[in-house]
Amino acid sequence: MQAEQQSEREAEWCRQVFDYEPSTGILRWKVNRANAKAGAEAGTLHRDGYRVVRALGKFRRVHRVIWLMSYGEWPKSSVDHINGDTTDNRIENLRCVTVAQNQWNRVKPNGGVFWHKTNKRWTVSLQVNGRLMHFGSFIDKSAAAEVAAKAIKEHHGEYASQQ
């Protein structure tokens, strides 16, 4: 109960200091700050691709502040950007997920397909529930990619990367 009250107080403070535009996902300052004017976009782009802002005494990722403002509580776990774009902070693009589910939605440059130097074939493998699963090896890369896409969809479902 006390944690809920604390979260609600923090959410209310954020609502007094920030304006959130749900259609664009942009968080703006409502008040003038030392380094920002009212109406300016809040936060800066961090090298990891997420916007961060100083709020409630520490640096926080903007999408987590938006979650707090929208739902009145801090997210209980990771917050995933459904479309994989870490700068798209529209509330409809954010969802609470486990750490594993969040990893499934990461953009994978090889999509589960790897070149195996020893046997000179394309290998398909994925992490599923903490275990590395193999789905075969193929001479043709496109055949391996098809098997990988099917395995990703089957094992990662709605959390599979959209890119």
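For the structure itself, consult the block above.
Residues numbered from 1 in each chain as written. Predicted model: local features only at pLDDT ≥ 70, side-chain atom pairs only at ≥ 80, totals over all residues. Heavy atoms only, no water.

What about the overall build of the protein?
1) Next: A tally of helices and strands in the protein yields four helices and 10 strands.
2) Next: Reading the protein from its N end, one meets helices and strands in the order α-β-β-β-β-β-α-β-β-α-β-β-β-α.
3) Next: Relative to its 163 residues, the protein shows a buried fraction of 37%.
4) Next: Considering only residue pairs separated by 6 or more positions, the protein has 35% of its internal contacts joining residues 24 or more positions apart.
5) Next: Surface summary for the protein: the accessible area is close to 10,200 Å², and the carbon and sulfur share equals 51%. (Helix = DSSP H or I, 4+ residues; strand = E, 2+ residues; numbered from the N terminus. Buried < 20%, exposed > 50% of the residue type's maximum accessible area, 1.4 Å probe, protein only. Contact = heavy atoms within 4.5 Å. Areas by Shrake-Rupley, 256 points an atom, 1.4 Å probe, with all protein chains shown as cover.)

Section: the pattern of salt bridges
1) Next: One pass over the full model with this rule turns up 10 salt bridges.
2) Next: Close ionic contact of R90 with E92 constitutes a salt bridge, the shortest N to O distance being 2.4 Å.
3) Next: Look at R90 and you get partly exposed, because its relative accessible area is 22%.
4) Next: With relative accessibility at 58%, the residue E92 sits in the exposed group.
5) Next: Several salt bridges share partner residues, and in doing so they unite E8, E12 and R15 into one network. (Salt bridge = Lys/Arg side-chain N within 4 Å of Asp/Glu carboxyl O.)

Observations concerning the packing of helix α1 (residues 2–17) against helix α2 (residues 62–71)
1) Next: One can describe the packing of α1 onto α2 by two numbers: an axis separation of 8 Å at closest approach and a directional angle of 105°. By the angle class used here, α1 and α2 are roughly perpendicular. In this structure, α1 uses S7, E10, A11, C14 and R15 to contact α2, whose residues at the interface are V65, L68 and M69.
2) Next: Grouping the amino acids of the contact of α1 with α2 by side-chain chemistry returns five nonpolar, one polar and two charged. (Axes fitted to C-alpha atoms, helices over the stretch in contact; angles between N-to-C directions. Parallel < 35°, antiparallel > 145°, perpendicular 65-115°, else oblique. Nonpolar A, V, L, I, M, F, W, Y, C, P; charged D, E, K, R; others polar.)

By themselves these figures say nothing about function.
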